[in-house]
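Working through the structure, step by step
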Amino acid sequence: MGGIIFKQINKVYPGNIVAVRDFNLEIKDKEFLVLVGPSGCGKSTVLRLIAGLEEITSGDLYLDGRLINSIAPKDRDIAMVFQTYALYPHMTVYKNLAYALSLRKVSKDEIDKKVRETARMLEMEELLDRKPKALSGGQRQRVALGRAMVRDPKAFLLDEPLSNLDAKLRASTRTEITKLHKKLGTTFVYVTHDQTEAMTMADRIVVMKDGRIHQIGKPQELYNAPINQFVAGFIGSPQMNFLEVVIGKNDNGYFAGLDQAEFPLSDQIFDPEVLDRYLGKTVNLGVRSEDVIAVEQADQRKDALDTIVEVYEPMGAEILVYIDYLGRKLIARFEPDETDNMNEDLKISFKPNKIHLFDMETEISLLHLPDN
């Protein structure tokens, strides 16, 4: 069992520097939970609080139903994997894996059994006699994971473990860690600033900024229904496009107006009472790159913008098109054959059921406004 519960946790450093504030979270047993956010948002501090490497300023932290605020790190039965691997350079892989068990006075036979089982699971049996300097970055990361695994902990804490790997190795190691979680059936808490890692690995994602939780949910929930503009812009690659628009209404219904263009707003998606409150007001319209559509130049539809193509970025199965609308920069994602006849001038529109709207002051989505 490895469930972890934060109750009103705060972490304040000397000088009144608040790293984590009003933090409430329940991490389920066997869950793969990812903490994501920009540098300095407090995500690594949360991990260190679980490990006992930082003292809690206020609040309560529970592991497997037991209050652990004052329990020493070595007695928490938690394993932590760092981005720097932290391997002993003078020891072989075998001895690196065995070291923690030998400190616990585990018998040699049991150590040998656990080390070889772990090496087999991580497919690194042929590496046991090598020293870290003879290993690649990916192999070192597997050894760091293995050293945590042999202890059979209640929870694994992983602090940006892939940040030192190149792009290709990051992708393959990401898959290995996900498969490992399924094999072990243990709680994983994973910290990253890379939202691609978060989207592809997590059961649930916690999006943080300035020490606070902004949204918790499954990857697709956060992608499709971000609670505010920060989450909308942080989750997804490339990030969501934003434009300032004015909410209006005509005989055909509600629309988001931008210069002469009027983008219809579905009253099946947006609450008419909310839209009525925003009539005549400026809000931020958000739309993802795949929800930008190309329109025939001769088409006189009102929900379209005349833009200029600045750069094409071929990605193989898709092409990212960087466009300019009167100084506002947008990114569209198209199939390769859609760009065959494109020139510098491009007329675009947006899929009506994929439009997001955000309050200009609070940046909260109009779909998630608190009840008045």
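Look a little higher up for the structure.
Residues numbered from 1 in each chain as written. Predicted model: local features only at pLDDT ≥ 70, side-chain atom pairs only at ≥ 80, totals over all residues. Heavy atoms only, no water.

A look at the sheet that holds strand 8 (residues 187–192)
- Here we have 6 strands laid out as an open sheet, ordered 6-7-8-3-9-10, and mixed in their pairing. Where the open sheet ends on each side, the last strands, each with one partner, are strand 6 (78–81) and strand 10 (212–217). Recorded for the sheet is a direction-independent mean angle of 20 degrees between the axes of neighbouring strands.
- Across 4 bridges, strand 3 (residues 32–36) lies against strand 9 (residues 204–209) in parallel orientation. Across the sheet, Val-34 pairs through a bridge with Ile-205, a residue of strand 9. (Pairing = 2+ DSSP bridges. Helix = DSSP H or I, 4+ residues; strand = E, 2+ residues; numbered from the N terminus. Axes fitted to C-alpha atoms, helices over the stretch in contact; angles between N-to-C directions.)

Details of the packing of aromatic side chains
- Tallied over the full model, the rule gives 8 aromatic pairs.
- A centroid spacing of 4.8 Å and a plane angle of 40 degrees characterise the contact between Phe-156 and Phe-188, whose relative ring orientation is tilted. Linking Phe-156 in strand 7 (residues 155–159) with Phe-188 in strand 8, this pair joins segments that are 32 residues apart in sequence. Residues Phe-156 and Phe-188 agree in their burial class; the two are buried. (Phe/Tyr/Trp six-rings, centres within 6.5 Å; stacked < 30°, edge-to-face > 60°. Buried < 20%, exposed > 50% of the residue type's maximum accessible area, 1.4 Å probe, protein only.)

A look at the nonpolar core
- Val-36, Leu-97, Leu-158, Ile-177, Tyr-190, Val-207 and Ile-235 are the most contacted members of the largest nonpolar core, which totals 44 residues.
- Looking at this core, the element that brings in the most residues is helix 4 (residues 137–149), giving 5 residues.
- Dropping the residues within four chain positions of it, Ile-177 is found in contact with Phe-32, Leu-145, Leu-158, Pro-161, Leu-162, Phe-188, Tyr-190 and Met-201.
- In this structure, Val-245, Tyr-254, Leu-275 and Val-309 belong to the second largest nonpolar core, which totals 34 residues. (Core = buried A, V, L, I, M, F, W, Y, C linked by side-chain atoms within 4.5 Å. Contact = heavy atoms within 4.5 Å.)

Topic: unusual backbone geometry
- Here the residue pair Ser-237 and Pro-238 is connected by a cis peptide bond, since its omega of -5 degrees sits within 30 degrees of zero.
- By the element assignment, Pro-238 lies in the loop between helix 8 (229–234) and strand 11 (241–250).
- Positive phi values are uncommon outside glycine, yet Lys-105 reaches one of about 65 degrees.
- As for its position among the elements, Lys-105 is in the loop between helix 2 (93–103) and helix 3 (108–121).
- The phi dihedral of Asp-152 falls on the positive side, at around 55 degrees, and the residue is not glycine.

Comments concerning the packing of helix 2 against helix 3
- One can describe the packing of helix 2 onto helix 3 by two numbers: an axis separation of 10 Å at closest approach and a directional angle of 130 degrees. The angle between the axes of helix 2 and helix 3 places the two elements in the oblique class. Read as a crossing pair, helix 2 and helix 3 show a hand that is right-handed. Judged by residue contacts, Tyr-94, Leu-97, Ala-98, Leu-101 and Ser-102 of helix 2 engage Ile-111, Asp-112, Lys-114, Val-115 and Arg-116 from helix 3. (Parallel < 35°, antiparallel > 145°, perpendicular 65-115°, else oblique. Left-handed = near helix turned anticlockwise from the far one by under 90°.)

Here we look at the pattern of salt bridges
- Under the defined criterion, the tally for this structure stands at 16 salt bridges.
- The shortest N-O distance in the salt bridge between Asp-75 and Lys-74 comes to 3.4 Å.
- As a salt-bridge pair, Lys-329 and Glu-310 come within 2.8 Å of each other at their nearest N and O atoms. Separated by 19 residues along the polypeptide, Lys-329 in strand 18 (residues 328–334) and Glu-310 in strand 16 (residues 305–314) bring together distant segments of the chain.
- Residue classification places Lys-329 among the exposed positions, given a relative accessible area of 52%. (Salt bridge = Lys/Arg side-chain N within 4 Å of Asp/Glu carboxyl O.)

Topic: the packing of helix 4 against helix 5 (residues 167–184)
- Where helix 4 meets helix 5, the axes come as close as 11 Å, and the angle between the chain directions of the two elements is 20 degrees. When the axes of helix 4 and helix 5 are compared, the pair comes out roughly parallel. Pair helix 4 / helix 5 crosses with right-handed handedness. Where helix 4 abuts helix 5, its residues Gly-137, Gly-138, Gln-141, Arg-142, Leu-145 and Met-149 lie against Leu-169, Thr-173, Glu-176, Ile-177, Leu-180 and Leu-184.
- Looking at the contact of helix 4 with helix 5, its residues break down into 6 nonpolar, 4 polar and 2 charged. (Nonpolar A, V, L, I, M, F, W, Y, C, P; charged D, E, K, R; others polar.)

Section: the sheet that holds strand 12 (residues 253–258)
- In space, the 5 strands of this open sheet follow the order 13-12-11-14-20, with antiparallel pairing throughout. Edge positions in the open sheet fall to strand 13 (261–264) and strand 20 (356–359), since each of these has one partner strand only. Between one strand and the next, the sheet's axes are offset by a mean angle of 45 degrees, whatever the strand orientation.
- Relative to strand 14 (residues 282–287), strand 11 is paired through 6 bridges, and the arrangement is antiparallel. When the bridges of strand 14 are listed, Val-245 appears paired with Val-283.

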